[in-house]
Amino acid sequence: MSLKIGIVGLPNVGKSTLFNALTRSKTAESANYPFCTIDPNVGVVEVPDERINDLAKVVNPEKIIPAVIEFVDIAGLVKGASEGEGLGNRFLSHIRECDAIAQVIRVFEDPDVIHVHGEVMPQKDREILEAELIFADLQTLEKRLHKAESEAKSGDKKKKEYVELLKKIEAYFHRGELVSNMDLSEEEKILIGDLHFLTAKPLLYIANVRED
C-alpha cells in the first residue's frame, strides 16, 4: 500500500526543507530565490508501525513489506499559475498525479529570505494556492460541460441531470468552494470522479514557523 503526497506552496516557504526532513535526505536543493525547484523531487518513506513486527512473529512471512508514503516536492506556485504563470501547467500536472496535497504556508518572518509577494501573509498565501486550484478545476469543468450540454440535446434524462450537476459545481467554484467541501452525494462524487478535480484531493496545511 502506498500514498502519494504532493508538497506545494509559494516559492521560498520551506517545501524542499520539509521534503529533506521527511525523507532524511539532501535530495532537494534549498535556496533563497524563487523556483529553486523546477523538476519535482521524489522520496519514498516507510511508515513505521510496531504492529507489523508482532504480526510477522505470528505469520512468519518470507518477506515484510511495510506501507510507504511517496513525497513529491513540487515547484513553487505563484498567482496566475492556472494561466501559465511561473511554472504553471507543469506545477498543476504534478499535483494531479498525487493522492493528497500538503500545503506549506510560511508564517516566519525573516528579511534574509525572499517572499515572492513582498510580505508574509499566511492567509493570503493559502487563498492564492486554493484559487489557482479552483481556476484549474474550472477549466476542466467548462470543457466537460460544453460536451455534456451537446450530448444532453438528445433528451436523455441522465445526461440532462449530469449537466445540472456540472452547473451546480460550477456555481460552487465561482463562490470559491473546493470540491472536498461541497455538499455532494456519494453518487454525485462518483459521477465526477473521472474529472480528477485537484480540489477534491485531501488537503493538509503545514505552518512553517520560526525555530523559537
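That block above? That's the structure.
Residue positions are counted from 1 within each chain, in the order its sequence is given. Given that this is a predicted model, residues contribute local features only at a pLDDT of at least 70 and side-chain atom pairs are listed and counted only at 80 or more, while totals for whole chains, interfaces and linings are drawn from all residues. As a rule here, side-chain values cover all heavy atoms of the structure and leave hydrogens and water aside.

Engineer: Tell me what's going on with the overall build of the protein chain, and back it up with residues and numbers.
Structural biologist: Under the scheme used here, helices are H or I runs from DSSP no shorter than 4 residues and strands are E runs no shorter than 2 residues, and both carry numbers assigned from the N terminus. The helix and strand tally for the protein chain stands at six helices and five strands. Each helix and strand of the protein chain, placed in order from N terminus to C terminus, yields the pattern β-α-β-α-β-α-β-α-α-α-β. Put simply, the protein chain has 212 residues, and 39% of those count as buried. Surface accessibility of the protein chain: about 12800 Å² in total, with carbon and sulfur atoms responsible for 52%. We call a residue buried when its accessible area falls under 20% of the maximum for its residue type, exposed when it is over 50%, and partly exposed in between, using a 1.4 Å probe and counting protein chains only. The method behind every accessible area is Shrake-Rupley, applied with a 1.4 Å probe, and residues are considered shielded solely by the protein chains displayed.

Engineer: With reference to specific residues and values, describe the packing of helix H4 (residues 122–152) against helix H5 (residues 157–174).
Structural biologist: Only the stretch in contact is used when fitting a helix axis, every axis being a line fitted to C-alpha atoms; angles between N-to-C directions are given from 0 to 180 degrees. It is at 9 Å that the axes of H4 and H5 come closest, and there the two elements cross at 155°. Regarding the angle of H4 to H5, the classification is roughly antiparallel. Judged by the sense of rotation from one axis to the other, the crossing of H4 with H5 is left-handed. For the pair formed by H4 and H5, the contact residues are Ile134, Asp137, Leu138, Leu141, Glu142, Arg144, Leu145, Ala148, Glu149, Glu151 and Ala152 on the first element and Lys159, Lys160, Tyr162, Val163, Leu166, Lys167, Ile169, Glu170, Phe173 and His174 on the second. For classification purposes, an angle smaller than 35 degrees is called roughly parallel, one larger than 145 roughly antiparallel, one from 65 to 115 roughly perpendicular, and anything else oblique. Left-handed describes a crossing whose near helix is turned anticlockwise from the far helix by less than a right angle; the clockwise case is right-handed. Between two residues, a contact is recorded if the distance between any of their heavy atoms is within 4.5 Å.

Engineer: Explain the nonpolar core to me, and be specific about the residues and the numbers.
Structural biologist: Grouped together as the largest cluster of nonpolar side chains are 20 residues, with contacts concentrated most on Leu166, Ile169, Phe173 and Ile192. Secondary-structure elements contributing two or more residues to this core are H4 and H5. A per-element tally of this core places H5 first, with seven residues. Residues contacting Phe173, with those up to four places away along its chain left out, are Ile134, Asp137, Leu138, Leu141, Val179, Met182, Phe197 and Thr199. Within this scheme, the nonpolar core is defined by two criteria: the residues are buried Ala, Val, Leu, Ile, Met, Phe, Trp, Tyr or Cys, and they are joined through side-chain atoms within 4.5 Å. Counting residues in hydrophobic clusters, the runner-up holds 11 residues, among them Ile74, Ile95, Leu129 and Leu198.

Engineer: Help me get a handle on helix H2 (residues 50–59), residues and values and all.
Structural biologist: Within H2, only one of the 10 residues are buried, which leaves the element largely exposed. Immediately downstream of H2, the backbone of Asn60 shows phi near 55°, a positive value.

Engineer: Which residues make up the sheet that holds strand S5 (residues 203–208), and what are the values?
Structural biologist: Two strands make a pair as long as DSSP finds a minimum of two bridges between them. Taken together, five strands build an open sheet; the order of strands is S2-S3-S1-S4-S5 and the sheet is mixed. This sheet does not close on itself; its edge strands, each paired only once, are strand S2 (41–46) and S5. Shown here is a sheet whose adjacent strand axes are inclined to one another by a mean of 25°, direction ignored. As defined by bridge partners, S2 adjoins strand S3 (residues 68–73) across six bridges and the pair is classed as antiparallel. The partner of Asn41 across the bridge, within S3, is Asp73. Packing against the sheet, helix H1 (residues 15–23) makes contact with strand S1 (2–8), S2, S3, strand S4 (100–106) and S5, and its axis sits at approximately 30° to S2. Across the face of the sheet, H4 comes into contact with S1, S4 and S5 while running at roughly 150° to S4.

Engineer: Tell me about the packing of aromatic side chains, and name the residues and values.
Structural biologist: We call Phe, Tyr and Trp rings a pair once their centres come within 6.5 Å, taking the six-membered ring for Trp, and we label the pair stacked below 30 degrees between planes, edge-to-face above 60, and tilted otherwise. Scanning the entire structure with this criterion turns up one aromatic pair. With a centroid separation of 5.6 Å and 80° between ring planes, the pair formed by Phe173 and Phe197 is classed as edge-to-face. Of this pair, Phe173 sits in helix H5 while Phe197 sits in the loop between helix H6 (186–191) and S5; the two residues are 24 residues apart in sequence, bridging distant segments of the chain. For the pair Phe173 and Phe197, a shared accessibility class is recorded, and that class is buried.

Engineer: Please give an account of the pairing of S4 that cites residues and values.
Structural biologist: Buried residues dominate S4, accounting for seven of its seven residues. Judged by which residues are buried, S4 turns out to be covered on both faces: Ala100, Ala102, Val104 and Arg106 on one side and Ile101, Gln103 and Ile105 on the other are all buried. The sheet contact formed by S1 and S4 spans four bridges and is parallel. Bridging across to S4, Ile7 finds its partner in Ala102. Judged from the six bridges that link them, S4 and S5 form a sheet pairing that is parallel.

Engineer: Break down the side chain of Glu188 for me, citing the residues and quoting the values.
Structural biologist: Mapping Glu188 onto the fold places it in helix H6. Only 3.0 Å separates the side chain of Glu188 from the side chain of Lys168, close enough to count as a polar contact. For Glu188, the side chain forms a polar contact with the main-chain nitrogen of Ser185, separated by 2.9 Å. If near-sequence neighbours (up to four positions away) are discounted, Glu188 is found in contact with Leu165, Lys168 and Asp183. Pairs of N or O atoms within 3.5 Å make up the polar contacts considered here, provided that, within protein, one atom can donate a hydrogen while the other can accept it, and that residues adjacent in sequence are counted only when both atoms are side-chain atoms.

By themselves, these are just geometric observations and shouldn't be taken as functional.
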